[in-house]
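Examination of the molecular architecture
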Amino acid sequence: MVKKAVIPAAGYGTRNLPITKVLPKEMFPVAGRPAIDYIVREAVEAGIEEILIIISRSKNMVMDYFDRSLELEMFLSQAEKSHLIPLLETPKVHIQFIRQSYAKGLGDAVCLAERFAGNEPFAVLLPDLLFINETANALQKTIAVYNEYKESVIGVKAVKEEDLKLYGVIKGTELAEGLYDITDIIEKPQTSPPSNLAVMGRYVFTPEIFPFLNETLPGIGNEIQLTDAIKKMLTKYEAKAQVLEMDCFDLGKNEEYMTLLNYMFKKK
Ligand code: G1P
């Protein structure tokens, strides 16, 4: 059973500057809730009971959001606006925070979760990718594959050839429709991507990833890349990729963020 999840939210959000100088990308509003609220809800819906959010010095706002505001609750009841108090409720799940003091990359951030994960499998959700879907849950789909094979699983999606250089890209052997045995993985291939299947922000790892993460040196962008650790793990352990056939919105891309807002607006 996968009961723990890690949400790395310590990046600078460079694709969204200048707003991310003061407003973390995870706090971008999506129909009145911050993006990270949807991520936490996706995790809870998928059966996660404990979450570790990795933040940085400038992301205390994320911590504040998941905390209670007794002052505001008191104000609302005194101002005869108690009906608004339920809006302040955050998802019912145990959330812990840890600070990454230096943005050394996604691999380094996930490394900080080693004690939290202990000897258990754990999920990783990248909070800039929102899978908004009424009937399917991206993490749940990834966890279902873990439950069957008890191996690490990566959520992937087919993307356009010209965009592959922005993602981790897998190479695999198809086992069943949309399910692959991963044979290789490359972070942001600048030439000859091994397939059109890009890593799409949802993972389940067995704790076997940690020794590989611990010895991973900075890679592309001078950052410690999670993908590089996965690549090394593949030399010893099997891993699966599951195609996530559902709409996904990347908050780092203004156009997709606008499309998401539009979609949420129409849904109301
Ligand atoms: C990260 C990962 C990459 C993955 C992408 C989207 O890259 O390193 O492998 O494809 O997220 O999930 P980033 O977008 O942080 O550069």
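Refer to the structure printed above.
For the structure given in this document, a descriptive report is provided here. (Residues numbered from 1 in each chain as written. Predicted model: local features only at pLDDT ≥ 70, side-chain atom pairs only at ≥ 80, totals over all residues. Heavy atoms only, no water.)

1. Topic: the nonpolar core
Grouped together as the largest cluster of nonpolar side chains are 38 residues, with contacts concentrated most on Ile36, Ile48, Ile51, Ile53 and Leu130. When residues of this core are traced back to their parent elements, those giving at least two are strand 1 (4–8), helix 1 (35–45), strand 4 (50–55), strand 6 (122–125), helix 6 (138–149) and helix 9 (254–267). It is helix 1 that provides the largest number of residues to this core, a total of six residues. Residues within four places of Leu130 in sequence aside, it is in contact with Val30, Ala35, Tyr38, Ile39, Arg202, Asp247, Cys248, Phe249, Leu251 and Leu260. Residues Val110, Val199, Phe205 and Ala241 belong to the second largest nonpolar core, which totals 35 residues. (Core = buried A, V, L, I, M, F, W, Y, C linked by side-chain atoms within 4.5 Å. Buried < 20%, exposed > 50% of the residue type's maximum accessible area, 1.4 Å probe, protein only. Helix = DSSP H or I, 4+ residues; strand = E, 2+ residues; numbered from the N terminus. Contact = heavy atoms within 4.5 Å.)

2. A short note on helix 6
Helix length check: helix 6, at 12 residues, gives a terminal C-alpha distance of 17 Å against a target of 16 Å (1.5 Å per residue), a fit within 8%. By the burial criterion, the buried members of helix 6 are Ala138, Leu139, Thr142, Ile143, Val145 and Tyr146. All buried residues of helix 6 fall inside an arc of 155° around its axis, so they share one side. Two or three places before Leu139, at the start of helix 6, stands the capping residue Asn137, its side-chain oxygen 3.0 Å from that residue's backbone nitrogen. (Expected span 1.5 Å × (residues − 1). Arc of directions from axis to C-beta. Polar contact = N/O pair within 3.5 Å; in protein donor to acceptor, adjacent residues only side chain to side chain.)

3. Thoughts on the environment of Pro86
Counting through the fold element by element, Pro86 comes out in the loop between helix 3 (70–78) and strand 5 (94–99). Note on Pro86: relative accessible area 49%, which makes it partly exposed. When the C-alpha atoms of Pro86 and Glu73 are compared, they prove to be 9.5 Å apart, with 13 residues separating the residues in sequence.

4. Re a nonpolar patch on the surface
Together, Leu72, Phe75 and Leu88 make up a nonpolar patch on the protein surface, roughly 250 Å² of accessible area in all. Mapped onto the secondary structure, Leu72 falls in helix 3. (Patch = residues over 30% accessible without salt bridge, like charges linked within 9 Å, V, L, I, M, F, W, Y side chains within 5 Å. Areas by Shrake-Rupley, 256 points an atom, 1.4 Å probe, with all protein chains shown as cover. Salt bridge = Lys/Arg side-chain N within 4 Å of Asp/Glu carboxyl O.)

5. Some thoughts on the pairing of strand 6
A regular strand places its side chains so that they alternate between the two faces of the sheet. The side-chain alternation of strand 6 yields two buried faces, one formed by Phe122 and Val124 and the other by Ala123 and Leu125. Bridge count for strand 1 against strand 6 is three bridges, and the pairing is parallel. Across the sheet, Lys4 pairs through a bridge with Phe122, a residue of strand 6. (Pairing = 2+ DSSP bridges.)

6. Quick notes on the site of the ligand
Taken together, Leu106, Leu126, Leu129, Tyr167, Gly168, Glu187, Lys188, Val199, Met200, Gly201, Gln225 and Thr227 make up all the residues around the ligand. At 2.7 Å, a side-chain N or O of Glu187 approaches an oxygen atom of the ligand. Between Thr227 and the ligand, the recorded distance is 3.4 Å, taken from a side-chain N or O atom to an oxygen atom. Starting from 380 Å² of accessible surface for the ligand in isolation, the protein chains cover 79%. By residue number, the principal contributor to the shell around the ligand is strand 11 (residues 197–205), which donates three residues. (Near = heavy atom within 4 Å.)

7. Some words on the pattern of salt bridges
Overall, the coordinates contain 16 salt bridges when judged by the stated rule. For Lys59, the salt bridge goes to Glu26, with nearest N and O atoms at 2.9 Å. You can see Lys59 sitting in the loop between strand 4 and helix 2 (60–65) and its partner Glu26 sitting in the loop between strand 1 and strand 2 (29–30), a full 33 residues away along the chain. Residues Lys59 and Glu26 agree in their burial class; the two are buried. Across the salt bridge formed by Asp184 and Lys231, the nearest N and O atoms sit 2.8 Å from each other. Here Lys231 lies in helix 8 (residues 226–233) and Asp184 lies in strand 10 (residues 179–187), a separation of 47 residues in the sequence. A relative accessible area of 35% places Lys231 in the partly exposed class.

8. Section: the packing of aromatic side chains
Per the stated rule, a full pass over the model turns up seven aromatic pairs. Centroid distance Phe212 to Tyr237: 6.3 Å. Interplanar angle 85°. Geometry classified as edge-to-face. Of this pair, Phe212 sits in helix 7 (residues 209–214) while Tyr237 sits in the loop between helix 8 and strand 12 (239–243), and the two are 25 residues apart along the sequence. The class of Phe212 is buried, set by a relative accessible area of 11%. Within the aromatic cluster, the residues linked to one another by ring pairs are Phe122, Tyr203, Phe205 and Phe210. It is Lys4 that lies over the ring of Phe116; its NZ or CZ is 5.5 Å from the centre. Sitting over the face of the ring of Tyr149, Lys240 holds its NZ or CZ atom 4.7 Å from the ring centroid. (Phe/Tyr/Trp six-rings, centres within 6.5 Å; stacked < 30°, edge-to-face > 60°. Lys NZ or Arg CZ within 6 Å of the ring centre and 35° of its normal.)

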